Amino acid sequence: MPEKTITVELGDRSYPVYVGNGLLRSLPRLLNDHSVSGPIVVVCDRNVARLHYPAVERLLTSSGYSVVPVILPPGERYKNLGTAGRIYTRMLRAGIGRSATVLAVGGGVIGDLAGFVAATYQRGLTLVHCPTTLLAQVDSSIGGKTGVNHALGKNMIGAFYQPRCVIADNNMLRTLPHREVVCGLGEIVKYGIILDEELFSWIESGLKNLLDLDPSTLFRIVSRCVELKSQLVSRDEREAGERVVLNCGHTIGHALEAEGGYRLLKHGEAVLLGLAAESHLAVRLNLLSQDSFERITSLIGRVPLKVGLRRINKKKALSFIGRDKKGRLGRNRFVLPVRIGQTSVVEDIPREMVGEALDVALALARSGSGRAKKL
Ligand SMILES: NC(=O)c1ccc[n+]([C@@H]2O[C@H](COP(=O)([O-])OP(=O)(O)OC[C@H]3O[C@@H](n4cnc5c(N)ncnc54)[C@H](O)[C@@H]3O)[C@@H](O)[C@H]2O)c1
Ligand SMILES: [Zn+2]
């Protein structure tokens, strides 16, 4: 099976992202290569623990590592300081000292939470990510953003903290619920639109294989996304500039997600709709050609979205756009595609135009979920 090593270049904090099918088997060797001696605090949620923890534990203990499991309830609502506190307590009771390593085995929730704990426990432990969702493999495990939510806002408490390495085993995605695969696809389509027309055409031709988790399609597309994200992070670690392109589709995506009370739509689903809507804005502003717009929307229309869109209130969704952290209405800001593979930042787009773009995306999603059956 092919394997690839992609380096996130950050001077003396550079690290490799290993991508491959069946990489988990190499976990002890890879940890050893990175001078990880243990004990290893394995953090995962209950879903991942049930499916993958026994293999992780067996691999580690048979290679002589001592393991401290921390198994948490699944879900975004547990990504908070209370859960972080429970992890600290568990680690202190187990006598974990500074030589230990935190191994985050899970999706973005576990990666962000365990990463934050690794960054803060006794002023910092070695961190290794083993991402198990498509979103985590192509996005959240790379770049060092760790953190938790606060009652007053998502990801409001956190730290930049880079891992020692990332081990992305595409095989671990085989147990992923289909809806989570679609969520990962949201960010993958985004990478194609903002950075890489070739990737976009791979997704066009390989969509069905990707949704079916075909190993060679997954490997090719995940490793390309990892390369793109790693290059961006290398050039702009702290999101001071270029990394802003990652927000394409997210201004409208976040508004839809918030309007659905973070229950109706999952993040990646909202991003797919946001990408369609923002592409429409780009056409209206004469930034994007009609042909590119049609390519984007026909791809998104082929993705089977199972979301309760009827309950999305357009007016309310619009009211989330252009608000600052205190909820005051200000300027809106969009990262819009100017062609497939390139974006531009645009501010102060008239609200009527944004509303029209929302209509387009919602209509597309309604017809798209019908058409998706023919895929
Ligand atoms: N740090 C970053 O740069 C960054 C970037 C994007 C998103 N995020 C964060 O990522 C989070 C979302 O991540 P997510 O979409 O991976 O969600 P998640 O971690 O909640 O995982 C989604 C669901 O899939 C289950 N799951 C995970 N792996 C599985 C597997 N292999 N088989 C079966 N089930 C599995 C989980 O238990 C969960 O129920 C959000 O909190 C978001 O803020 C962070
Ligand atoms: Zn996103």
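What you are looking at is a predicted structure, and each value in this text was computed from that prediction instead of being measured. (Residues numbered from 1 in each chain as written. Chains lettered and ligands numbered in written order. Predicted model: local features only at pLDDT ≥ 70, side-chain atom pairs only at ≥ 80, totals over all residues. Heavy atoms only, no water.)

K.L.:
Got a sec to walk through the pattern of salt bridges? Specific residues and values, please.
P.N.:
Using the criterion set out here, one finds 23 salt bridges in the structure. Connected through salt bridges with shared partners, the residues K4, D196, R224 and E227 form a single ionic network. (Salt bridge = Lys/Arg side-chain N within 4 Å of Asp/Glu carboxyl O.)

K.L.:
Mind laying out the packing of aromatic side chains, listing which residues take part and the relevant values?
P.N.:
For the structure shown, the criterion picks out 1 aromatic pair. An angle of 25 degrees between the planes, with centres 6.4 Å apart, marks the rings of Y88 and Y121 as stacked. In this pair, Y88 is assigned in helix α3 (residues 81-93) and Y121 in the loop between α4 (108-120) and β6 (126-131), connecting sequence segments 33 residues apart. Over the face of the ring belonging to Y191 we find K190, whose NZ or CZ atom lies 5.5 Å from the ring centre. Lying across the ring of W202, R220 places its NZ or CZ 4.3 Å from the centre. (Phe/Tyr/Trp six-rings, centres within 6.5 Å; stacked < 30°, edge-to-face > 60°. Helix = DSSP H or I, 4+ residues; strand = E, 2+ residues; numbered from the N terminus. Lys NZ or Arg CZ within 6 Å of the ring centre and 35° of its normal.)

K.L.:
Could you give an account of the pairing of strand β5 (residues 101-106), with specific residues and numbers?
P.N.:
In terms of residue burial, β5 counts as a mostly covered element, since 6 of its 6 residues are buried. In β5, alternate side chains face the same way, and those of T101, L103 and V105 on one face and V102, A104 and G106 on the other are all buried. As defined by bridge partners, strand β3 (residues 40-45) adjoins β5 across 4 bridges and the pair is classed as parallel. When the sheet's bridge partners are listed, V42 is paired in β5 with L103. You can see the chain leave β5, run along α4 and come back into β6, and the turn it takes is right-handed. (Buried < 20%, exposed > 50% of the residue type's maximum accessible area, 1.4 Å probe, protein only. Pairing = 2+ DSSP bridges. Right-handed = clockwise from strand over helix to strand, strands pointing away.)

K.L.:
An account of the coordination of the zinc ion (ligand 2) is requested, with residue identities and associated values reported.
P.N.:
Of the protein atoms, only E187 (OE), H250 (NE2) and H267 (NE2) coordinate the zinc ion (ligand 2), at distances of 2.1 Å. Motif for the zinc ion (ligand 2), donor spacing along one chain: E-x62-H-x16-H. Here H250 lies in helix α9 (residues 250-259) and E187 lies in helix α6 (residues 178-195), a separation of 63 residues in the sequence. As far as burial versus exposure is concerned, E187 and H250 are alike and both buried. (Donors = N, O, S within 2.8 Å, 3.2 Å for Na, K, Ca; no water.)

K.L.:
Run through the side chain of N332, naming residues and quoting values.
P.N.:
Looking at the secondary structure, you find N332 in the loop between α12 (314-319) and β10 (333-339). A polar atom in the side chain of N332 sits 2.8 Å from the backbone oxygen of I349. Those residues in contact with N332, other than ones at most four positions away along the chain, are I321, G322, V346, E347, D348, I349 and V354. (Polar contact = N/O pair within 3.5 Å; in protein donor to acceptor, adjacent residues only side chain to side chain. Contact = heavy atoms within 4.5 Å.)

K.L.:
Give me the lowdown on the site of ligand 1, citing residues and values where you can.
P.N.:
What surrounds ligand 1 is a group of 25 residues, the closest being D45, E76, T132, T133 and T175. The contact in question runs from an oxygen atom of ligand 1 to an N or O atom on the side chain of T133, over 2.7 Å. The separation between a nitrogen atom of ligand 1 and a polar main-chain atom of M172 is 2.9 Å. Of all elements in the fold, only α2 (46-62), α4 and α5 (134-140) reach the threshold of two or more residues within the shell around ligand 1. Element by element, the count of residues in the shell around ligand 1 is highest for α2, at 4 residues. When grouped by side-chain class, the residues that make up the shell around ligand 1 number 8 nonpolar, 9 polar and 8 charged. (Near = heavy atom within 4 Å. Nonpolar A, V, L, I, M, F, W, Y, C, P; charged D, E, K, R; others polar.)

K.L.:
Mind laying out the domain arrangement of the chain, listing which residues take part and the relevant values?
P.N.:
Domains assigned within the chain are domain 1 (3-175) and domain 2 (178-212 + 248-374). Relative placement of domain 1 and domain 2: their C-alpha centres are 30 Å apart. Between domain 1 and domain 2, the residue contacts involve 7 residues of the former and 11 residues of the latter. Of all residues in domain 1, L134, L135 and V138 bury the most surface against domain 2, accounting for 56% of the area lost on that side. Here domain 1 and domain 2 share 0 salt bridges between them. (Domains from an automatic or database assignment. Buried area = accessible area lost by both parts, 1.4 Å probe.)

K.L.:
An account of the packing of helix α10 (residues 267-284) against helix α11 (residues 290-301) is needed here, citing residue identities and associated values.
P.N.:
Put simply, α10 and α11 touch, their axes get as near as 10 Å, and they point 165 degrees apart. Judged on the interaxial angle alone, α11 and α10 are roughly antiparallel. Crossing hand, α10 versus α11: left-handed. Contacts from L272, L275, A276, S279, H280 and V283 in α10 reach Q290, F293, I296, T297 and I300 in α11. (Axes fitted to C-alpha atoms, helices over the stretch in contact; angles between N-to-C directions. Parallel < 35°, antiparallel > 145°, perpendicular 65-115°, else oblique. Left-handed = near helix turned anticlockwise from the far one by under 90°.)

K.L.:
Break down the side chain of T297 for me, citing the residues and quoting the values.
P.N.:
Along the chain, T297 turns up in helix α11. Classification of T297 by relative accessible area gives buried; the value is 10%. At a separation of 3.4 Å, a polar atom in the side chain of T297 contacts the main-chain carbonyl oxygen of E294. Once residues lying within four places of it in the same chain are set aside, the contact partners of T297 are A276 and L364.

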